[in-house]
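A structural walkthrough
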Amino acid sequence: MSRTSVTPLDILVVGGGAREHTLAWAVHRSSLCAKLFVAPGNDSTPGERVDIAAHDVEALTAFAVERGIALVVIGPEVALAAGLADNIAAAGIAVFGPSRAAAQLEWSKSFTRQVASVLQLPSPAWAAFESHAELPAALSWWRALGDKIVVKQAGLAGGKGVVVPLDDETCEATIRSFFTTGPVVLEQRLRGPECSLLAFCDGFTARPLPFAQDHKRLGEGDTGPNTGGMGAFAPAPVPYDLNELTAQFIQPVIDHMRANGTPFVGMLYAGLMLTADGPKLLEFNCRFGDPEAQVLIPLIESDIVEIMLACCNGQLANTPIEIRDATALGVVIAAPSYPATGPSLGALRSEVPDTDHQLLFRGNAGGREYTAVGIAQTLAHARTAAYDLAATVAPAGSRYRRDIGWRAHGATLSSYAAAGVDIDEGTRAVDQLKDSVEKTHTSSVLGGIGAFGGTFDLSEIMGMKHPVLVASTDGVGTKVELAARAGRYDVPGQDIVNHCINDVLVQGARPLFFLDYFASSVIRAEQVAAVVNGMSIACAASGCVLLGGETAEMPGVYMPGAFDVAGTLVGVVERERLLPLSTIAPGDVLLGMGSSGPHTNGYSLLRKLFDWLPLDAQPEPLDRPIGDALLVPHRSYLNSLRAALEDHGLIKGLAHITGGGLIDNVPRILPPNCDAAITLGSWPMPPLFQLVSEVATGLGTDELYRTLNMGVGMVIVVDAARVGELQAAIPEPTYIIGSIVAGTKRVQLG
Ligand code: GLY
């Protein structure tokens, strides 16, 4: 059949749910459709609504005859079971949907099981029971099976006639209750993902649509009671060939039905479970699935009316069925009490956006009210489109699953590496950093890299009178973002070690060992090695052992390319040499030691301040590009203060100027009755801080000196009489920046 040889037809779509809305939507778009009627349709279906129920065979047939309908498309199974296709065909009208006899594949589960047995379609163990008198036999069949089962009403039940009991008590109760409604089929419960295989059939030939996957359970994670279906997507990733499964499960049935004089014309839908022993037949349906229709029909590129007419005329083999190279995912938006009956949802929260990748199909009021469908190149994008639509339009009180497609997403992973974690790269990183770590090792280190914990022999401090361990854990803050952007991985390694060294130094301690933690979105051996090399350089310079560490690959936690560095340092000090001394008093002098840059503080501010400046720009008065100025490593003060610290009492207190700047850090070592009076301009302001003062015009002095070290990274408290002696003991310039005055443990900036 070719498109040009057919004059447009008047077409009637029967049904009123979201599946029929989708059918009507597709028929309405067809160039072969002159006028569309829907019976009964719903308030969103295109075409003219006809107020006749889907099972009212006589009225529908009369309407079709009277209005000269040329094709009737039957959506719901109730209409098929009522014999609508037979009546329509008898009136000489083409009908897409099987006769009542052929639709027995759906309306009688025992018929289906018998056909499947005759045709040897892979199936679960099953047994059918006709009447309540067979209840004892059913219970014994179940008990003899010794396995979990699925309990089914043999007849139609609107998607609610299948229960998968979780425990024996519920199972027995379900069997007993189902016998009150009619014949019952019991089936061994199979395990595995389900897939829906739908094929157009013309009585001879079956032409499949892509595999779809329904989500039948009400609850997320596939929990709770079975429903008509809470969402679907297609194509579903099924590890079998579509044509082979069609040949295995659909074609034999088509041949069998024809041979029995009940040819199947319409849509045959095999519900399959993909078990460890291969695909097995769960059920047949004789129409489009709901919500499978909502995702499959939008993927059909060919004219759906042309395909349906080909089914009616036995011409399917010659009719092209083009499928879009895309994925569709549908989320069912149900009324709050679904699957129980209850009030319907109110108005949509907003209008449906007019896009070609988002479609909203209207379903049944009080039940599955809408299906929000997203169509895109990938499943992930289709999902986003569908959920964006659902979030935009779903009326207040809607219930919808947030996990449609979750198994497919999980199934895409074939290795830990595919999840973003590359163990081999981690091993390569360890190989590369081994040398730099071992360079810091001394005879105190027992055991090597790869042990569960670092072992450090403390006999070297046995000579001490009263050793006190001082430990510090820290990180380098958002400077890591800048370092990642500039590819300067060595910097944060030095930063973290020196930061910790200074933290224990201000308590008078020298470092013993350091343990690091490095985490990133993706491990690259060279990058990790550079970071650890930075740590090793800083450790070696201060006689600290790099004793151990952890490298963590955390995709999805860190943004792509981002990393973080932290560490713990343990140092030791004679108890009597712990700083600060209690003798700090008004009259003492404050000496400042220069910082190498902002160290590891204030970077959230600095990154914003210079956000629009390329890292290689060099505004005055900088002596290097801004990126380099910001990325000077945090310096250590240990070596410069080593000699001075040997002279017990010379240094009364040390304050490391970290987060909180001079204003918050100096008070940490003050007695309660003292203030620190600091004179602004008493030390040379490094160019970077001059630039900061110039640009950050909105920040007051207090704010600036609370955020950044402004050129002073260490403050020393010294007796006024010993200032010269101390300055001489420190092999670098120091500046008198203020003094201790009476007060309340604050800084006075003046
Ligand atoms: N989605 C299941 C059905 O239509 O029966």
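Look a little higher up for the structure.
The following paragraphs examine the structure supplied in this document. Being a predicted model, the structure only gives us computed values, none of them experimental.

Tallying secondary structure elements over the protein chain gives 24 helices and 32 strands in all. Its C-alpha atoms give the protein chain a radius of gyration of 38 Å, more than 25% over the compact-globule value 27 Å for 750 residues. Across its three principal axes, the protein chain shows a C-alpha extent of roughly 115 × 60 × 45 Å. Here the protein chain holds 750 residues, and 54% of them are scored as buried.

The environment of the ligand is made up of Asp214, Lys216, Gly228, Tyr269, Asn285, Arg287, Gly289, Asp290, Pro291 and Glu292. One of the side-chain nitrogen or oxygen atoms of Arg287 is found 2.8 Å away from an oxygen atom of the ligand. Alone, the ligand offers 200 Å² of accessible surface; in the complex the protein occludes 90% of this.

Right, let's talk about the state of the cysteines for a bit. According to the stated counting rule, one finds 0 disulfides in the structure shown. Free cysteine Cys286: the closest other cysteine sulfur is in Cys201, separated by 9.3 Å. Counting only cysteine sulfurs, Cys544 is the nearest neighbor of Cys539, a cysteine outside any disulfide, at a range of 4.0 Å. Accessibility expressed as a relative area gives 0% for Cys539, which makes it buried.

Turning to the side chain of Thr45, a few remarks are in order. Structurally, Thr45 can be placed in the loop between strand S2 (33-40) and strand S3 (48-49). At 2.7 Å, the side chain of Thr45 forms a polar contact with the backbone oxygen of Asn42. Among all residues touching Thr45, those that are not within four sequence positions of it are His21 and Val38.

The next subject is the nonpolar core. Across soluble globular proteins, nonpolar side chains show a tendency to be buried alongside one another. In this structure, Phe514, Leu641 and Leu654 are the most contacted members of the largest nonpolar core, which totals 90 residues. Beyond its immediate stretch of four places on either side in the chain, Leu641 contacts Leu505, Met593, Ile651, Leu654, Met714, Ile716 and Ile730. In terms of nonpolar packing, the next biggest core, distinct from the first, is built from 59 residues, Ala206, Val331, Ala376 and Ala382 among them.

So, about the packing of helix H16 (residues 490-505) against helix H20 (residues 638-646). Pairs of packed helices are described in terms of their axes, by the angle between the two and the distance that separates them. Interhelical geometry of H16 versus H20 gives an angle of 20 degrees and a closest axis separation of 11 Å. Viewed along their axes, H16 and H20 adopt a mutual orientation that is roughly parallel. Pair H16 / H20 crosses with left-handed handedness. Each of Ile501, Asn502 and Leu505 in H16 lies in contact with H20, whose residues at this interface are Leu638, Leu641 and Leu645. Tallied by class, residues from the contact of H16 with H20 come to 5 nonpolar, 1 polar and no charged.

The next subject is helix H12 (residues 379-393). With 15 residues, H12 should cover 21 Å at 1.5 Å per step; its first-to-last C-alpha distance of 21 Å lies within 8% of that length. Within H12, the full set of buried residues consists of Ala382, Ala385, Ala386, Tyr387, Leu389, Ala390 and Val393. For H12, the secondary structure elements touched by its buried residues are strand S18 (327-334), strand S19 (358-362) and strand S20 (368-376).

Looking now at the pattern of salt bridges. Tallying each qualifying case throughout the model produces 32 salt bridges. Note that Glu526 is salt-bridged to Arg428, the shortest N-O span being 3.3 Å. Here Glu526 is found in helix H17 (residues 525-541), whereas its partner Arg428 is found in helix H14 (residues 423-438), with 98 residues between them in sequence. Take Glu526: its relative accessible area is 45%, and that puts it in the partly exposed class. Residue Arg428 is classed as partly exposed on the basis of its relative accessible area, which comes to 36%. Salt-bridge contacts for Asp647 lead to Arg722; the nearest nitrogen and oxygen are separated by 3.3 Å.

About the cut-offs
Residue positions are given per chain, counted from 1 along the sequence in the order it is written. This being a predicted model, a pLDDT of at least 70 is required before a residue's local features are given, and a value of 80 or more before pairs of side-chain atoms are given or counted; all residues contribute to the totals for chains, interfaces and linings. Side-chain numbers come from the whole structure's heavy atoms, not from hydrogens or water. Helix and strand labels come from DSSP, where a helix needs a run of H or I of at least four residues and a strand needs a run of E of at least two; each type is numbered from the N terminus. Each radius of gyration reported is based on C-alpha atoms, and the globular scaling rule is 2.2 Å times the count of residues to the power 0.38. Relative accessibility under 20% of the residue-type maximum defines a buried residue, over 50% an exposed one, and the middle range a partly exposed one, all with a 1.4 Å probe and only protein chains included. Whether a residue is near a molecule or strand depends on its heavy atoms: if one lies within 4 Å, it is near. As used in this structure description, the phrase polar contact means that two N or O atoms lie within 3.5 Å; if the pair is within protein, one of them must be able to donate a hydrogen and the other to accept it, and residues adjacent in sequence are counted only when both atoms belong to side chains. Every accessible area reported is derived by Shrake-Rupley at a probe size of 1.4 Å, with residue values counting cover from the shown protein chains alone. Two cysteine sulfur atoms make up a disulfide if the distance between them is within 2.5 Å. Whether two residues are in contact is decided by their heavy atoms: any pair within 4.5 Å suffices. Throughout, nonpolar core names a set of buried Ala, Val, Leu, Ile, Met, Phe, Trp, Tyr and Cys residues whose side chains join them through atoms within 4.5 Å. Working convention: axes come from line fits to C-alpha atoms, limited for helices to the stretch in contact. Angles between N-to-C directions cover 0 to 180 degrees. Put simply, angles under 35 degrees are roughly parallel, angles over 145 are roughly antiparallel, angles from 65 to 115 are roughly perpendicular, and the rest are oblique. Definitions for this section: a left-handed crossing has its near helix turned counterclockwise from the far helix by less than a right angle. A right-handed crossing has that turn clockwise. Just so you know the grouping, Ala, Val, Leu, Ile, Met, Phe, Trp, Tyr, Cys and Pro go in nonpolar, Asp, Glu, Lys and Arg go in charged, and all remaining residues, Gly too, go in polar. Given a helix with a known number of residues, its expected span is that number minus one, times 1.5 Å. By definition, a salt bridge exists where a carboxyl oxygen of Asp or Glu is found within 4 Å of a side-chain nitrogen of Lys or Arg.

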